[in-house]
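Residues per chain are reported as follows:
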Amino acid sequence: MHQHYTVHSAKGARPPRPPADSSFLDPELGHQKDILTEDDVYCSCLAKTLCHVPVPVTVGFYAPFGCRLHLMLDKITALMEQEARQLEAEFLQRVQWRPRSVSGWSLPRLLWYLVFLQPVITEVHLRRKNVKFLFIRFSAWQYEGSDKLWAGLVTTLCEGIRHHYGPLPFSVYSVLGNKPATSQGFGQREWHCRRRVCLALAALLAALGLGVALLYLSLGSHALVPGAHSSAMRVFGGAATTLSGSGLLMAVYSVGKHLFVSQRKKIERLVSQEKFGSQLGFMCEVKKEVELLTDFLCFLEIYQRCRLRIVLEVTGLDTCYSDHVVGVLNAINTLLSDSHAPFIFILVVDPSILAACLESAGSMKGTADNGYLFLNRTVTLPFSVPVMGHRTKLQFLHDAVQSRDDLLYREMTRQLQPLSPGGDEGAQLLAVEMQAGAERSQSHIDAEAARRIHEALFCLHDERDCLYEYVPDNLVFMRRIVNTVPITLRLLQQQQRQDLVGPTPRQAVAWVVLANQWPCRLSWALQCLEDRQQAGGAPEARARLWDVFYDNSRELHSLTKELHNVLDLDGDPELFQRFLSADFPFTVAEAQNLLRCTVNLDHSIRRRMGLLRAVRALKPPSPPKSPAGGDAPHAANGANHPPSPAACTANHDPRAARAAARANQAGEDTHPRMTQRNKPRPVA
């Protein structure tokens, strides 16, 4: 349902300017229940992408501190679970089998599979599309007092998985479990019997039964059996019973030990040992625990007949000390070193603060002299939280005005409204029809977005296209580009209306490559464009983005010292010129249209550039040298007055010319007598 807001302006006031991102909410999508604001659109597109992205992956959730981060994380969590349920329902309609449960009455069956069967990774398992998510949130600020902050990250991950699936299955797997095997060829069999375990258990039980029988015969029939034979039977029976029973007791003891001593306690014990913590084998032991956890999750994937994804949301990292930040990033790299690990890390940070922490850390000297480059090596899917849209802002203001009780009552009535039996039947039917129409419209948008995503990704590896020449040779950067393309195309699909022609998939993927390869130069061009628009001198929509950059390139060169670490992020400058001037000549209108869908461009770079330009505009130039003539001190008329600071820079910047004109006008207003006696001042 559309929400209409009426603004009554006073006489002579300028009418409200329509927001630039209002096109995200198509009139055909405005009645949807789940997509109401711009933030909902961004969160929905990110959630759909994370349901299909290859793992492991690290998402850089970039935003300044206090920028509605936790609210967006909650939305993303709910939308990912909703998308997973929808994918599972669609996938199960095409197959005959059903997923298995791991709790309740299904627990004995799971334990049986853990002990006697070995899982096999088959082609059928790799083609499964149904996904289950487990969300774990780690607040780094809560562990800031600890010396080993990264250990808190690993223990939180292990404890979350243990709490969700129960301590008994993981304890049994730690003692008796086996690593999943890989199927040879196109085999369909997912489970193999563990013959060694079955034979060993049968031998122990047979030995135990034989020992008990010999003891019973030796003790219960003294009259039938001579004394020497009775003693021999007693000895052999006792030995067989002791050996078999001790073997079974050792297995039970090991399971009980892992049941009461969790991985969290193991890692905390290792951290407390200072001598062991300084050795090289410390991270190796932690790596073994992580590999055991990964194998257990792979076992559960095959048993449950689905794909498991562990989503770890890391928050509060930009409020910690520099060395602690380095430790957490190293722990993330350790967890991601296994290519089969089903982990999705969402790193919620302010990149400008995190880059400064990495550069100031004493342990990273020579390794992370540029914090942005080090962060790019860790993050494989950047997502910069956009500026708050007008509908999102109005919704936040509306919620802030109301009291907490009103919000709770509204949520309760919204949930109970479809279940109310006493409502109007016509209104209920209309609501059902509108919801069905919204679902059909959204399914059409998703199908069209999937087609455009395939077309865009094909342009990346098409040898007939020149786009692949601009893709770097770094595999991490390749993954960043491939992971970012689906989000960008989904946002474009939500933004475009039926009667408008938007960017093509090739232009969208080219824009993603541009933002990934030259973030500093692109941010500078966009910042200069924004400043000119705010000053009222915006270029034409058909003007090229390269011309905007070229006109302001001298100013960027003068800021090389202040932006040296950001300029290091850019690739070859000559390729940048060829990209924008020849192969992909984006116009100002196309750049503004694509900017609303750009998630892999760090907004903190533009904020930094905007502040530097604002400070330079306030800095007065050096005073001019006085003329050699002796009449210079007596020059008082307007023609001989020294130029104002705004007029000195007017020849280089049109904004400075307008500022000089306003300064001259203000001078005439403040000195009326002087301006009446003298000639009018020349306006720059």
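Residues numbered from 1 in each chain as written. Predicted model: local features only at pLDDT ≥ 70, side-chain atom pairs only at ≥ 80, totals over all residues. Heavy atoms only, no water.

**Things to note about the sheet that holds strand 5 (residues 191–193)**
Right, so step 1: Here we have three strands laid out as an open sheet, ordered 4-2-5, and mixed in their pairing. Each edge of the open sheet is held by one strand with a lone partner, namely strand 4 (181–182) and strand 5.
Right, so step 2: Of the pairings in the sheet, the one linking strand 2 (residues 117–121) to strand 4 comprises two bridges and is parallel in character. Within strand 4, the residue paired with Val120 across the bridge is Ala181.
Right, so step 3: Of the strands in this sheet, strand 2 and strand 5 touch helix 3 (residues 107–116), which is tilted by about 85° from strand 2. (Pairing = 2+ DSSP bridges. Helix = DSSP H or I, 4+ residues; strand = E, 2+ residues; numbered from the N terminus. Contact = heavy atoms within 4.5 Å. Axes fitted to C-alpha atoms, helices over the stretch in contact; angles between N-to-C directions.)

**Some details on the UniProt feature "transmembrane region" (unreviewed entry) in the protein chain**
Right, so step 1: In the numbering used here, UniProt assigns the "transmembrane region" (unreviewed entry) feature to residues 197–219 and 231–256.
Right, so step 2: Along residues 231–256, the helical share is 100% and the strand share 0%, with 36 Å between the first and last C-alpha atoms. (UniProt positions renumbered as here; feature names shortened; annotations may be inferred.)

**Some points on the nonpolar core**
Right, so step 1: Within the largest apolar cluster, 84 residues are counted, with the highest numbers of intra-cluster contacts made by Phe61 and Phe579.
Right, so step 2: A domain split of this core shows at least three residues from each of domain 1 (38–193 + 282–384) and domain 2 (390–413 + 434–617).
Right, so step 3: Setting aside residues up to four positions removed in sequence, Phe579 forms contacts with Leu467, Tyr470, Ala510, Leu514, Trp518, Phe584, Pro585 and Phe586.
Right, so step 4: Core analysis: the next-biggest nonpolar cluster, separate from the first, contains 62 residues, Tyr62, Val102, Leu110 and Cys320 among them. (Core = buried A, V, L, I, M, F, W, Y, C linked by side-chain atoms within 4.5 Å. Buried < 20%, exposed > 50% of the residue type's maximum accessible area, 1.4 Å probe, protein only. Domains from an automatic or database assignment.)

**Observations regarding the environment of Ser106**
Right, so step 1: Checked against the element boundaries, Ser106 lands in the loop between helix 2 (69–92) and helix 3.
Right, so step 2: Residue Ser106 is classed as partly exposed on the basis of its relative accessible area of 23%.
Right, so step 3: Dropping the residues within four chain positions of it, Ser106 is found in contact with Ser101 and Tyr303.

**Remarks on empty space enclosed by the protein**
Right, so step 1: Within this structure, the stated rule accounts for five cavities of 30 Å³ or more.
Right, so step 2: Taken as a whole, the largest cavity encloses approximately 200 Å³ of empty space.
Right, so step 3: Lining the largest cavity are 17 residues; nearest its centre among them are Asn376, Arg480, Pro519, Leu569 and Asn600.
Right, so step 4: Of all the elements in the fold, those that place two or more residues in the lining of the largest cavity are helix 14 (371–378), strand 8 (381–384), helix 18 (475–495) and helix 19 (505–517).
Right, so step 5: When residues of the lining of the largest cavity are assigned to their parent elements, the largest contribution, three residues, is made by helix 14.
Right, so step 6: Among the residues making up the lining of the largest cavity, the classes are represented as eleven nonpolar, four polar and two charged.
Right, so step 7: Composition of the lining of the largest cavity by domain shows at least three residues from each of domain 1 (38–193 + 282–384) and domain 2 (390–413 + 434–617). (1 Å grid on protein atoms, 1.4 Å probe; cavity = no way out; pocket = protein on both sides within 12 Å on 5 of 7 lines; lining within 4 Å. Points joined across faces, edges and corners; volume = space filled by probe spheres on them. Nonpolar A, V, L, I, M, F, W, Y, C, P; charged D, E, K, R; others polar.)

**Side note on the side chain of Arg128**
Right, so step 1: With respect to the helices, strands and loops of the structure, Arg128 is situated in the loop between helix 4 (123–126) and strand 3 (131–139).
Right, so step 2: Overall, Arg128 belongs to the buried group, its relative accessible area being 5%.
Right, so step 3: Separated by 3.1 Å, the side chains of Arg128 and His125 make a polar contact.
Right, so step 4: Within the local environment of Arg128, its side chain forms a polar contact with the side chain of Glu190, the two groups lying 2.8 Å apart.
Right, so step 5: Apart from the residues within four sequence positions on either side, Arg128 is in contact with Phe91, Trp97, Glu190, Ile302, Arg305, Cys306 and Arg307. (Polar contact = N/O pair within 3.5 Å; in protein donor to acceptor, adjacent residues only side chain to side chain.)

**Description of the packing of helix 20 (residues 519–534) against helix 26 (residues 603–618)**
Right, so step 1: Where helix 20 contacts helix 26, the two axes come as close as 9 Å, and the packing angle between them is 55°. By the angle between their directions, the pair helix 20 and helix 26 is classed as oblique. The two elements helix 20 and helix 26 meet at a crossing, and its hand is right-handed. Only Ile605, Arg606, Met609, Gly610 and Arg613 of helix 26 make contact with helix 20, whose side of the interface consists of Pro519, Cys520, Ser523, Trp524, Leu526, Gln527, Cys528, Glu530 and Asp531. (Parallel < 35°, antiparallel > 145°, perpendicular 65-115°, else oblique. Left-handed = near helix turned anticlockwise from the far one by under 90°.)

**Focus on the pairing of strand 7 (residues 343–349)**
Right, so step 1: Of all seven residues in strand 7, seven are buried; the element is thus mostly enclosed.
Right, so step 2: The two faces of strand 7 match: Phe343, Phe345, Leu347 and Val349 on one face and Ile344, Ile346 and Val348 on the other face are all buried.
Right, so step 3: Of the pairings in the sheet, the one linking strand 1 (residues 57–62) to strand 7 comprises six bridges and is parallel in character. Paired with Thr58 across the bridge in strand 7 is Phe345.
Right, so step 4: In the sheet, strand 6 (residues 307–315) pairs with strand 7 via five bridges, with the strands oriented parallel. Bridge pairing in strand 7 links Leu312 to Phe345.
Right, so step 5: Taken together, strand 6, helix 12 (residues 322–335) and strand 7 form a β-α-β motif whose crossover is right-handed. (Right-handed = clockwise from strand over helix to strand, strands pointing away.)

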